[in-house]
Amino acid sequence: MIQLLSRTEPRTVGPSPDATRVRFRHRPRTRSTPPPANGSERARWADAAKGVCIILVVLWHVVVKDYLQIDWHLGLPVPGLWGTLGEQFLPLRMPLFFTISGVFAANAVQRPWRVVARSRIAGFLYLYGVWLLIHTVVLAAAPELPTDRATSALDLLAQLTITPSNLWYLYALALYFTIARATRRVPRALVLVPAAALSAVAAAGLLDTPGNRAGLYQNLVFFLAGRYLRTQIHQWAATADRRRLLLTSAAYVLALTAMAVTGAQQWFGVWPAVSALAVIFGITAAVQLARRSALSEPLARLGRITLPIYVVHMPVLALLHRLLLVPVSGLGRSAQGLIVLGYPIVLTCLVIGLSLAIHRGLLAVRAGWLFALPGPRRLEATG
């Protein structure tokens, strides 16, 4: 879900930055590696998809950690509807994010260990460690926010090692890059099948998954699928049309409905299968969205700056929650009725805007080390 700047290699999908890279400065493309024919469109759909995913991540956290904690005394089920809507995107947002990350990681994992270890593995672990400490301090000031937090040195050690925090996406990328690099010469079936089995076992509740371990176990297969099936994903995106969008969206809706009606969320293999279907739908929808520049260009710009939103939004939400919980809960029925429907949208926009403003402010005071691993060759972070 996340984009870290600077480049050591030309992109194979056009001008979009790699969603999983800590990269060195741009190296000009040589004539021997011309851009693909429709590379810019492919880059646009991938960035637009990342933009939508980061919005869904923030919206879900706003709904679950703030909106549903407010005492809404309306007699209407509007808050519950927002919660139900957010749940429908759970099979989509992180699996799609990791699939795109895997697509852009395909070239990186072919490099020598020393390059991958520093620019990817160490880079993501560094960011995870730095922002885990920041989150721990800030979240201590907002104990009302229902979220994972370290309340002791032992808890902090666990989050640094075996039970990742809300920043688990960074932790996962470091782990996934290690696995992808270590297995780069292994036949893909011997890698994808165990990863799919792990996802199915974790989704079925057959493993102990405290904290965010469930997401860690369930999404490895999507990262690896993006890495191994990059060519097929590009081909699918290049040929996606409205008919395919209609079919994939209908299939996704039917799968969600069937899963809800039968209570099959924890049936072995069901959740990964629905998530795979969601990813196919998400790619198809992103391609169609990319053909409408009025919508796709703002989303693509957002998709290129996901890092500051991802690492900053939870502390921002925590502080806003502390400010808003009591006043909003204390509003009268008529006042709450005016804001109950649009509250999550407004707060999501506010959290994203403040996160980006904080990012710009930190860069202005030369705190770029908060967004990239320092080193002899300066790393820039733009999201």
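Residues numbered from 1 in each chain as written. Predicted model: local features only at pLDDT ≥ 70, side-chain atom pairs only at ≥ 80, totals over all residues. Heavy atoms only, no water.

K.L.:
What am I meant to see in the confidence of the model for the protein chain here?
P.N.:
Low pLDDT marks stretches whose predicted atomic positions should not be read closely. Looking at the protein chain as a whole, the pLDDT averages 88, with 87% of positions reaching at least 70. Mean pLDDT values for the elements of the protein chain range from 88 in helix H1 (residues 39–65) up to 98 in helix H15 (residues 343–364). Confidence over residues 1–42 falls short of pLDDT 50; this stretch has 140 contacts with residues more than four positions distant or in other chains. Predicted confidence is poor over residues 377–383, with pLDDT under 50, and the contacts of this stretch with residues over four places away or in other chains come to 34 contacts. (pLDDT = per-residue confidence, 0-100. Helix = DSSP H or I, 4+ residues; strand = E, 2+ residues; numbered from the N terminus. Contact = heavy atoms within 4.5 Å.)

K.L.:
How should the pattern of salt bridges be read in this particular structure?
P.N.:
Any two side chains of opposite charge can pair, on the condition that their charged atoms come close. A complete count under the given rule lists two salt bridges for this structure. When the shortest N-O distance is used, the salt bridge between Asp-47 and Lys-50 registers 2.9 Å. On the criterion of helical spacing, the pair formed by Asp-47 and Lys-50 is a turn pair, its members being three residues apart in helix H1. A relative accessible area of 0% means that Lys-50 is categorised as buried. Asp-47 sits in the buried class, given a relative accessible area of 1%. (Salt bridge = Lys/Arg side-chain N within 4 Å of Asp/Glu carboxyl O. Buried < 20%, exposed > 50% of the residue type's maximum accessible area, 1.4 Å probe, protein only.)

K.L.:
Honestly, empty space enclosed by the protein in this entry has me stumped. Any pointers?
P.N.:
A complete count under the given rule lists three cavities of 30 Å³ or more for this structure. There is about 60 Å³ of room inside the largest cavity. What lines the largest cavity is Leu-56, Leu-59, Trp-60, Val-63, Trp-82, Leu-85, Gly-86 and Phe-89. Of all elements in the fold, only H1 and helix H2 (78–88) reach the threshold of two or more residues within the lining of the largest cavity. Here the residues of the lining of the largest cavity are counted per class, giving seven nonpolar, one polar and no charged. Of the voids in this model, the second largest cavity is the one considered here, and its volume is about 40 Å³. For the second largest cavity, the full set of lining residues is Leu-132, His-135, Thr-136, Leu-139, Asp-148, Arg-149, Ala-150, Gln-159, Ser-165 and Asn-166. Of all the elements, helix H4 (residues 113–139) adds the most residues to the lining of the second largest cavity, at four residues. (1 Å grid on protein atoms, 1.4 Å probe; cavity = no way out; pocket = protein on both sides within 12 Å on 5 of 7 lines; lining within 4 Å. Points joined across faces, edges and corners; volume = space filled by probe spheres on them. Nonpolar A, V, L, I, M, F, W, Y, C, P; charged D, E, K, R; others polar.)

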